[in-house]
Amino acid sequence: MKTFIALCLCGLSIPLPAQTTLRTFSSPDGIFQFKYSDVLVDCMSAGKQENGTSSSVPESCMSQGAICDGPGSEGSAMACFAYPKERFKDKPLFVAATFFVSEIRSAKTEKECLKGSPNWLVINSRAGTTTINHVTFKIFEIGDNWTSGGQDGPAYRTFHNGMCYELGIQTFTSRAEYDPGTVKQFTKKDWSEVEGRLRQALNSFVFLK
C-alpha cells in the first residue's frame, strides 16, 4: 500500500475532478499565506472555545499519528487542514489526510533545518529540492507505522528569515482486514481527489515578508 501511496504523491500538480471555492489562510504574524479548498476542515480551529463552550474535534482531524505535524518533527503547528473523512465513510482504508505548516523551533540554523529531524522515521530522503513560488525547499519522505495502520507523505523544509519552516502532506491509512465485498475499495481516483485538494494548498504557499 505504501508504494501505491507514493505513486499518488509524486507530482506537484494534480488535476482536480471538480472546482470548489478557494479561501485564503494568512498566518497571524503575517509571514505567509496560502489558498485552500472550502471542502477542507480547519483542524487548528477545532476544539477552540466558542462563546464559552468547547467545540468538538472533527473526526477528520483525529488519528493515532501526528496529524498536524510530521511524525518526529516536533514542530509547532501554524496551520493544519484535513480532507473530510465523511466523504469516504464507506471506505475504511482511508483514515485521514492533512496539509500542515509548522515551525521547527529546535532548528536554529539553516544547516540544522535542512538536515531534517533526528526523530524522523525517514522512508526516503529525496535527493533533491523543489521550488514553490520562488522559494527553494528540501524534500523528505517521512512517516510512521503502528499495528493497525500508518502514515506517510512528503515534508518540505526551508529556512526563511532566521526560522525553519516545514510544509507537509500526511496520509493516514488502516491495515485492518475486512471480508471481501463488505467494504468499498479506495480507488486511484479517490487518492487523486484527496491529494489534489491538499496539494492545491501546498502549491499556493507564499511568504509575504
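As shown above, the structure is provided for reference.
What counts and how
Residues numbered from 1 in each chain as written. Predicted model: local features only at pLDDT ≥ 70, side-chain atom pairs only at ≥ 80, totals over all residues. Heavy atoms only, no water. 1 Å grid on protein atoms, 1.4 Å probe; cavity = no way out; pocket = protein on both sides within 12 Å on 5 of 7 lines; lining within 4 Å. Points joined across faces, edges and corners; volume = space filled by probe spheres on them. Nonpolar A, V, L, I, M, F, W, Y, C, P; charged D, E, K, R; others polar. Disulfide = S-S within 2.5 Å. Helix = DSSP H or I, 4+ residues; strand = E, 2+ residues; numbered from the N terminus. Buried < 20%, exposed > 50% of the residue type's maximum accessible area, 1.4 Å probe, protein only. Phe/Tyr/Trp six-rings, centres within 6.5 Å; stacked < 30°, edge-to-face > 60°. Expected span 1.5 Å × (residues − 1).

## Observations regarding the layout of surface pockets
Working step 1: Empty space within the largest pocket amounts to approximately 190 Å³.
Working step 2: What lines the largest pocket is a set of ten residues, among which Leu93, Val183, Lys184, Gln185 and Phe186 lie closest to the centre.
Working step 3: Along the lines of polarity and charge, the residues of the lining of the largest pocket split into seven nonpolar, two polar and one charged.

## A word on the state of the cysteines
Working step 1: Taken as a whole and assessed by the stated rule, the structure comprises three disulfides.
Working step 2: With a sulfur-sulfur separation of 2.1 Å, Cys43 is cross-linked through a disulfide to Cys61. Looking down the S-S bond of the Cys43 and Cys61 bridge, the torsion is -85°, so its handedness is left-handed. Of this pair, Cys43 sits in the loop between strand 3 (41-42) and strand 4 (49-50) while Cys61 is found in the loop between strand 5 (53-54) and strand 6 (76-82), placing the two residues 18 residues apart along the sequence.
Working step 3: Cys43 gets classed as buried once you look at its relative accessible area, which sits at 10%.
Working step 4: We classify Cys61 as buried; its relative accessible area is 8%.
Working step 5: Disulfide pairing is shown between Cys113 and Cys164; the S-S distance is 2.2 Å. Because the torsion about its S-S bond is 75°, the bridge between Cys113 and Cys164 counts as right-handed. Separated by 51 residues along the polypeptide, Cys113 in helix 2 (residues 110-115) and Cys164 in strand 12 (residues 163-174) bring together distant segments of the chain. Each member of the pair, Cys113 together with Cys164, is buried.
Working step 6: Disulfide partners in the chain, listed by the sequence order of the bonded cysteines, are 1-2, 3-4, 5-6.

## What to know about unusual backbone geometry
Only a minority of non-glycine residues have a phi that is not negative, and only a minority of peptide bonds are not trans.
Working step 1: Positive phi, close to 50°, is recorded for Asn133, a residue that is not glycine.
Working step 2: Structurally, the position occupied by Asn133 is in the loop between strand 9 (129-132) and strand 10 (135-146).
Working step 3: We classify Asn133 as partly exposed; its relative accessible area is 35%.
Working step 4: A positive phi angle is found at Asn161, which is not glycine, with a value near 50°.
Working step 5: Position of Asn161 relative to the elements: it lies in the loop between strand 11 (149-160) and strand 12.

## Let's talk about the packing of aromatic side chains
Working step 1: Tallied over the full model, the rule gives 20 aromatic pairs.
Working step 2: Consider the rings of Phe32 and Tyr165, whose centres lie 6.4 Å apart with planes at 80°: the pair is edge-to-face. Taken as a pair, Phe32 in strand 2 (residues 32-37) and Tyr165 in strand 12 lie far apart in primary sequence, 133 residues in all. There is no split in this pair, since Phe32 and Tyr165 are both buried.
Working step 3: Chaining the aromatic ring pairs together yields one cluster made of Phe25, Phe32, Phe34, Tyr36, Phe81, Phe99, Phe137, Tyr165, Phe205 and Phe207.

## Topic: helix 3 (residues 188-203)
Working step 1: Taking 1.5 Å per residue as the helical rise, helix 3 with its 16 residues ought to reach 22 Å, and the 21 Å between its terminal C-alpha atoms agrees with that figure.
Working step 2: With twelve of 16 residues buried, helix 3 lies mostly within the body of the structure.
Working step 3: Every buried residue belonging to helix 3 is among Asp190, Trp191, Glu193, Val194, Glu195, Gly196, Arg197, Leu198, Arg199, Gln200, Ala201 and Leu202, and all of these are buried.

Remember, this is a structural readout, not a statement about activity or role.
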